[in-house]
Amino acid sequence: MIEMKTIENVLGNTTFYALILATFTSWLNLFFLKSKIWSNLARSSTFLSSLFVVNLLLSRWTNGKYFPISNLYESILFLCAILLIGQQLAELKLSTRLIRCLNLPLVLCLYWFGNSGLPPEMRIITGLAPSLQSNWLMMHVSVMMLSYGTLILGSLLCLLFLLLKTYATKKADLTTTTSSAITITNNEAKQTIVETKNLSKSLLEIIDIWSYRLIGLGFPFLTLGIISGAVWANEAWGAYWSWDPKESWALITWLTFAIYLHARLIKGWTGQKTATIGSIGFVVIWVCYLGVNFLGKGLHSYGWIG
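Everything quoted here is computed from the prediction, not taken from an experiment.

Chemist: How would you summarise the overall build of the chain if you had to cite specific residues and measurements?
Modeler: Across its full length, the chain holds 8 helices and 0 strands. When the helices and strands of the chain are placed in sequence order, the string is α-α-α-α-α-α-α-α. Burial analysis of the chain (306 residues in total) assigns 48% to the buried set. A separation threshold of at least 6 residues defines the contact pool for the chain, and within that pool the share at least 24 residues apart is 81%. Summing over all exposed atoms, the chain offers an accessible surface of approximately 15,800 Å²; the carbon and sulfur share of this is 67%.

Now the structure itself:
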């Protein structure tokens, strides 16, 4: 037991420092050191971070003899793993470092909160509470965490879309102003503006498409998670729905992303309009996942120690 605890402590500290390195090198690579060496270092440290988090979960699984999603701390580790793996898969399709620069600080803060902001009792491996000794535990919680991770990445891309849209607009305006103030030909000025707009438009279209795909993937997971949770609640508490704070915010999260998908599929909205809805969803999902837990009450309060 002592040896396993030591291994877990080493893995936990190593993961934290690997995340710091990945975040630091990613931002350096984006703004200052744009060489391939720094890009590879950022990618390698990100991969190692995800590997360490997965091994930390496997260690707790082996030691505790149950799938490690029994409380808020373990769910944070699980979510960190999903976000890191999802980010690396998204990078293969997006071919941009921007998603890494936004996601890694988020994962680092989440991981730090899990290890420093939560009560130490949560990190101790104990037996499952009676209410959690059910086959529905792995089904419900793992699916919900998969939905959270996928939806967070999708909504993070919506935020990225809005940031790039604002930046592209300001840059185009600045180029127009500068071109009229200095002695360059009209053709050169027009070409610079067109190239800037075309580059931004191409990247924005890719980000818009992939934010839609990720949210479209996460929404069925969220739906399945809510349904499985209702079935489990009926077995455990005798009612499918009790308007518990966690249940209520899960419904609000579902409605927010349902509006996003409705706007795209039925209304035909794309770009800034749907990115704004997705950005609202980013806030809502964090309230659902973490904000409600600070209340320390409700039927789901077993995941939080007040």
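Chemist: Give me the nonpolar core: which residues, what numbers.
Modeler: Nonpolar side chains in soluble globular proteins tend to be buried together. Residues Leu 79, Leu 110, Tyr 148, Trp 286 and Tyr 289 are the most contacted members of the largest nonpolar core, which totals 72 residues. Listed by contribution, the elements that provide at least two residues to this core are helix 1 (2-31), helix 2 (36-64), helix 3 (72-94), helix 4 (98-117), helix 5 (136-181), helix 6 (186-237), helix 7 (245-265) and helix 8 (272-289). If one sorts the elements of this core by residue count, helix 5 sits on top with 15 residues. Composition of this core by domain shows at least three residues from each of domain 1 (1-124) and domain 2 (152-306). The contact partners of Tyr 289, leaving out residues within four places of it in the chain, are Leu 72, Ser 75, Ile 76, Leu 79, Leu 110, Met 145, Tyr 148 and Lys 246.

Chemist: Requested: an account of the environment of Gly 218, with residues and values cited.
Modeler: Its location among the elements puts Gly 218 in helix 6. Counting along the chain gives 67 residues from Gly 218 to Leu 151, while the straight-line C-alpha distance between them is 5.2 Å. The residues touching Gly 218, leaving out its near neighbours within four places in the chain, are Ser 147, Thr 150 and Leu 151.

Chemist: If you had to explain the UniProt feature "transmembrane region" (unreviewed entry) in the chain to someone new, which residues and values would you point to?
Modeler: As recorded in UniProt, the feature "transmembrane region" (unreviewed entry) lies at residues 15-33, 45-61, 67-86, 137-164, 210-233, 248-265 and 277-296. With 75% helix and 0% strand, residues 67-86 has its two end C-alpha atoms placed 21 Å apart. End C-alpha to end C-alpha, residues 210-233 measures 34 Å, and it is 100% helix and 0% strand.

Chemist: Which residues make up the environment of Leu 48, and what values go with them?
Modeler: When you line up the elements, Leu 48 lands in helix 2. The sequence separation of Leu 48 and Thr 15 amounts to 33 residues, and the corresponding C-alpha distance is 7.9 Å.

Chemist: I'd love a proper account of the packing of aromatic side chains, names of residues and values included.
Modeler: Scanning the model with the defined rule gives 8 aromatic pairs in all. Here the aromatic rings of Trp 61 and Phe 67 are separated by 4.7 Å at their centres, their planes lie at 90°, and the arrangement is edge-to-face. Classification of Trp 61 by relative accessible area gives partly exposed; the value is 36%. Residues Phe 219 and Trp 254 carry aromatic rings whose centres are separated by 5.2 Å and whose planes lie at 35° to one another, so their mutual orientation is tilted.

Chemist: Provide a residue-level description of the packing of helix 7 against helix 8, including the pertinent values.
Modeler: Two numbers describe how helix 7 lies on helix 8: the axes approach to 9 Å, and their chain directions differ by 165°. Overall, the two elements helix 7 and helix 8 adopt an arrangement that is roughly antiparallel. Here helix 7 and helix 8 pass one another in a crossing that is left-handed. Taking contact as the criterion, the partners of Lys 246, Trp 249, Ala 250, Ile 252, Thr 253, Thr 256, Phe 257, Ile 259, Tyr 260, Ala 263 and Arg 264 in helix 7 are, on helix 8, Thr 274, Ile 277, Gly 278, Ile 280, Gly 281, Phe 282, Val 284, Ile 285, Val 287, Cys 288 and Tyr 289. Split by residue class, the contact of helix 7 with helix 8 holds 15 nonpolar, 5 polar and 2 charged.

Chemist: Describe a nonpolar patch on the surface, naming the residues involved and giving the relevant values.
Modeler: Taken together, the side chains of Val 54, Leu 58, Trp 61, Ile 85, Leu 89, Leu 92 and Met 138 define a hydrophobic patch exposed on the protein surface, amounting to about 650 Å² of accessible area. Mapped by element, the contributors of at least two residues to the nonpolar patch are helix 2 and helix 3. Mapped onto the elements, Val 54 comes out in helix 2.

Chemist: Break down the confidence of the model for the chain for me, citing the residues and quoting the values.
Modeler: Of all residues in the chain, 83% attain a pLDDT of 70 or more, and the chain-wide mean is 81. Across residues 191-196, confidence stays below pLDDT 50; counting only partners more than four residues off in sequence or on other chains, it has 4 contacts.

Chemist: Give a detailed account of the pattern of salt bridges, specifying residues and quantitative values.
Modeler: All chains considered together, the criterion is met by 3 salt bridges. Of the charged contacts, one joins Arg 264 and Asp 208 as a salt bridge, the two residues approaching to 2.9 Å between their closest N and O atoms. With a gap of 56 residues between them, Arg 264 in helix 7 and Asp 208 in helix 6 connect regions that are remote in the sequence. With a relative accessible area of 9%, Asp 208 lands in the buried category.

Chemist: Lay out the environment of Asn 71 with the relevant residues and their values.
Modeler: On the secondary structure map, Asn 71 appears in the loop between helix 2 and helix 3. The spatial distance from the C-alpha of Asn 71 to the C-alpha of Arg 123 is 9.1 Å, given a sequence separation of 52 residues. Polar contacts involving the side chain of Asn 71 include one to the main-chain amide nitrogen of Glu 74, which spans 3.0 Å.

Chemist: Summarise helix 7; cite the residues concerned and give the values.
Modeler: Over its 21 residues, helix 7 runs 30 Å from end to end, which matches the ideal 30 Å to within 8%, given 1.5 Å per residue. Considered for burial, the residues of helix 7 that qualify are Lys 246, Glu 247, Ser 248, Ala 250, Thr 253, Thr 256, Phe 257, Tyr 260, Leu 261, Ala 263 and Arg 264. Capping of helix 7 at its N-terminal end is provided by Asp 244; its side-chain oxygen lies 3.1 Å from the backbone amide nitrogen of Lys 246.

Definitions and limits used
- Residues numbered from 1 in each chain as written.
- Predicted model: local features only at pLDDT ≥ 70, side-chain atom pairs only at ≥ 80, totals over all residues.
- Heavy atoms only, no water.
- Helix = DSSP H or I, 4+ residues; strand = E, 2+ residues; numbered from the N terminus.
- Buried < 20%, exposed > 50% of the residue type's maximum accessible area, 1.4 Å probe, protein only.
- Contact = heavy atoms within 4.5 Å.
- Areas by Shrake-Rupley, 256 points an atom, 1.4 Å probe, with all protein chains shown as cover.
- Core = buried A, V, L, I, M, F, W, Y, C linked by side-chain atoms within 4.5 Å.
- Domains from an automatic or database assignment.
- UniProt positions renumbered as here; feature names shortened; annotations may be inferred.
- Phe/Tyr/Trp six-rings, centres within 6.5 Å; stacked < 30°, edge-to-face > 60°.
- Axes fitted to C-alpha atoms, helices over the stretch in contact; angles between N-to-C directions.
- Parallel < 35°, antiparallel > 145°, perpendicular 65-115°, else oblique.
- Left-handed = near helix turned anticlockwise from the far one by under 90°.
- Nonpolar A, V, L, I, M, F, W, Y, C, P; charged D, E, K, R; others polar.
- Patch = residues over 30% accessible without salt bridge, like charges linked within 9 Å, V, L, I, M, F, W, Y side chains within 5 Å.
- Salt bridge = Lys/Arg side-chain N within 4 Å of Asp/Glu carboxyl O.
- pLDDT = per-residue confidence, 0-100.
- Polar contact = N/O pair within 3.5 Å; in protein donor to acceptor, adjacent residues only side chain to side chain.
- Expected span 1.5 Å × (residues − 1).

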